[in-house]
Amino acid sequence: MELIQVGEKTYYIKNNTNIGVYKINDTDVFLIDSGNDKDAGRKILKIIHEQGWSVKGIINTHSNADHIGGNKFIQDRTNCDIFAYNIEKSFTQYPVLEPSFLYGGYPFKGIRNKFLLAKTSDTKDIKNNLPDGLEVFELKGHFFDMIGIRTSDDVIFLADSLFSEDTIEKYHLFFIYDVKEYLNTLDFLSTVQGKLYIPSHCQVTDDISNLIQTNKNKIYEIAGKIYDVCENEMTFEDILKYIFDAYNLVMNANQYVLIGSTIRSYLSYLCDENKLCYEFKDNRMIWKQVTDCGE
C-alpha cells in the first residue's frame, strides 16, 4: 500500500481496492472504504498513524466485502464512526445479507468467506452526517445504493462504477446488480467534470471517457451473447455455462454466485426490454427470444 496526495486535503492509498483519505483538519481524517479484510485495515491504520493522523470516520461507497472488510478492525482500534447510504447501510451492518442475496438462500460454507462475508461493523446513515468538504452522489447499478464522493479538491472517488480495460479484457464479466441502472450511471458519468477520478479498481486518471465507453461496450456485448444463445430454449444453468465457456472462465463457488447473480440481472434487463421471455416446461424455467413466445 502507498499513500499518494492528489489535493490539498485529498489522498488515496493505492491498493487492489483504492482507499480514499480526506483530511477534515490537521489531525483527523475520513477514509473512503476500508479494504477487504482486517489485514488491509491494519495496513491502512499503520499508514495513517505514520502521518500523525487519526481516523475520525469511514464512508463506505457500498457494502461489498472488499470495500468494508477493514471496517471492524479500524473501528475496534479507533472507535470511529462508519457511514453508508440507504440499503448499503443494512448490508454493512449485517454482512450476511451479501452472500445470502447472491446465492438466493442461506449461504453454504463455501461462500461464507472474506471475499463475500465481511465482519459486522456498527454503521450509521450518511444522510446529514457528511463532513464539510465532501459531496455524495448516487452511482446505482453495480450494487443497490452505491455512491461516489467528490472532495473539495475536485477529486472524485468513483467506487465500482468503472472497471479497468485490463480487468474487462481478462475476465469480461464484472458484477452488476441492475444492468439498466448501470448503463444510466455510465451516461451520468459522461457528464461529471472533475480534476481527477479515482475508481476503486482502476488507475487514477483525469479522463474517464474511454473507460466509460469500454465498460458500456462490454455490457452490450454480453447482453448480445445472452440474447443470441436464447434463440434456443435455455435454462439459467445452460446460459451460465455458455457464458463461462464463451469467455474461457473457470467456475468456482464465488464465481458461481457472483457471475450467476449478474447473469440473472442481464436476463431481467433483457426481459424488461421485451427482448427475452420465459415460460415453465417440465418444472423448468425456460428463457427464449421474445419472438418465440406464445408458440
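Keep in mind it's a predicted model, so treat the numbers as computed, not measured.

> Give a detailed account of the pattern of salt bridges, specifying residues and quantitative values.
Where charged atoms from two side chains of opposite charge come close, those side chains can pair. Scanning all chains against the criterion turns up 14 salt bridges. Put simply, Asp76 and Lys72 hold a salt bridge, and the shortest N to O gap is 3.2 Å. Residue Asp76 and its partner Lys72 are located together in helix 3 (residues 71-78), separated by 4 residues, close to a single helical turn. Taking relative accessible area as the criterion, Lys72 reaches 33% and is therefore assigned partly exposed. Among the ionic pairs, Asp187 bridges to Lys216, the shortest N-O distance being 2.6 Å. Here Lys216 lies in helix 8 (residues 209-229) and Asp187 lies in helix 7 (residues 179-189), a separation of 29 residues in the sequence. Because the salt bridges share partners, they merge into one network encompassing Glu233, Glu279, Lys281 and Lys288.

> How would you explain a nonpolar patch on the surface if you had to name every residue and give the values?
There is a patch of nonpolar side chains on the surface, built from Tyr94, Val96 and Leu97 and spanning about 270 Å² of accessible area. Its place among the elements puts Tyr94 in the loop between helix 4 (87-93) and helix 5 (97-103). Using a relative accessible area of 53% as the deciding quantity, one classes Tyr94 as exposed.

The rules behind the values
- Along each chain, numbering runs from 1 in the same order as the chain's sequence is written.
- The predicted nature of this model means local features are confined to residues of pLDDT at least 70 and side-chain atom pairs, given and counted, to a pLDDT of 80 or more, with totals for whole chains, interfaces and linings taken over all residues.
- Calculated side-chain values reflect all of the structure's heavy atoms, with hydrogen atoms and water omitted.
- We define a salt bridge as a contact between a side-chain nitrogen of Lys or Arg and a carboxyl oxygen of Asp or Glu at a distance within 4 Å.
- The numbering of helices and of strands both runs from the N terminus, where a helix is a DSSP run of H or I of at least 4 residues and a strand a run of E of at least 2.
- Relative accessibility under 20% of the residue-type maximum defines a buried residue, over 50% an exposed one, and the middle range a partly exposed one, all with a 1.4 Å probe and only protein chains included.
- Like-charged residues within 9 Å of one another, or nonpolar side chains (Val, Leu, Ile, Met, Phe, Trp, Tyr) within 5 Å, are grouped into patches, provided each residue has over 30% relative accessible area and no salt bridge.
- Surface exposure here means Shrake-Rupley accessible area, sampled with a 1.4 Å probe, where a residue is shielded only by the protein chains that are shown.

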